[in-house]
Amino acid sequence: MVRAYIAIITGAGASEDAVATFRDLSGVTEAHVVSGDFDVVAEIEGETVRDLQKIVTGGIHEVEGVGTTRTYIHLD
């Protein structure tokens, strides 16, 4: 199993709705509104790195209000 954290910037006021949608996406194990440089941090998992890519590009990026994302793959 491959896991990653996705740091997400959303549009103004969109974080809570986006998190609710992320939590329903296949492959997303957790999603939380945070303070700091990003608005949301989500944890995702899949069998391969390619699976993670599909979750981000075909799922997270499709959610209304999502802007920039950064992906941090677990190494341990």
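Predicted model, so just to flag it, every value in this text is computed and none were measured.

### Section: helix α2 (residues 49–58)
Note that an α-helix has 3.6 residues per turn; residues three or four places apart therefore point the same way.
Part 1 of the reasoning: Listing the buried residues of α2 in full gives Leu52, Ile55 and Val56. Viewed along the axis of α2, the buried residues span an arc of 90 degrees, placing them on a single side of the element. Across α2 from its buried face, at more than 90 degrees, point the exposed residues Arg50, Lys54 and Gly58.
Part 2 of the reasoning: Tucked into the core, α2 has its buried residues touching β1 (2–10), β2 (28–33), β3 (40–46) and β4 (66–73).

### Observations regarding the side chain of glutamate 43
Part 1 of the reasoning: By the element assignment, glutamate 43 lies in strand β3.
Part 2 of the reasoning: An unpaired buried charge is present at glutamate 43: no salt bridge exists, and arginine 3, the closest side chain of opposite charge, is 4.5 Å distant.
Part 3 of the reasoning: For glutamate 43, the residues in contact, after removing those within four places along its chain, are Arg3, Ala4, Tyr5, Gly27, Val28, Thr29, Glu30 and His74.

### Remarks on the pattern of salt bridges
Side-chain pairs of opposite charge can arise whenever the charged atoms involved come near each other.
Part 1 of the reasoning: According to the stated counting rule, one finds 1 salt bridge in the structure shown.
Part 2 of the reasoning: Here arginine 3 and glutamate 45 are joined by a salt bridge, their closest N and O atoms 2.9 Å apart. Here the residue arginine 3 occupies a position in strand β1, and glutamate 45 occupies one in strand β3, the gap between them amounting to 42 residues.
Part 3 of the reasoning: On the accessibility criterion, arginine 3 (38% relative accessible area) is partly exposed.

Here is what the cut-offs are and how they apply
- Residues numbered from 1 in each chain as written.
- Predicted model: local features only at pLDDT ≥ 70, side-chain atom pairs only at ≥ 80, totals over all residues.
- Heavy atoms only, no water.
- Buried < 20%, exposed > 50% of the residue type's maximum accessible area, 1.4 Å probe, protein only.
- Helix = DSSP H or I, 4+ residues; strand = E, 2+ residues; numbered from the N terminus.
- Arc of directions from axis to C-beta.
- Contact = heavy atoms within 4.5 Å.
- Lys, Arg positive; Asp, Glu negative; His and termini not counted.
- Salt bridge = Lys/Arg side-chain N within 4 Å of Asp/Glu carboxyl O.

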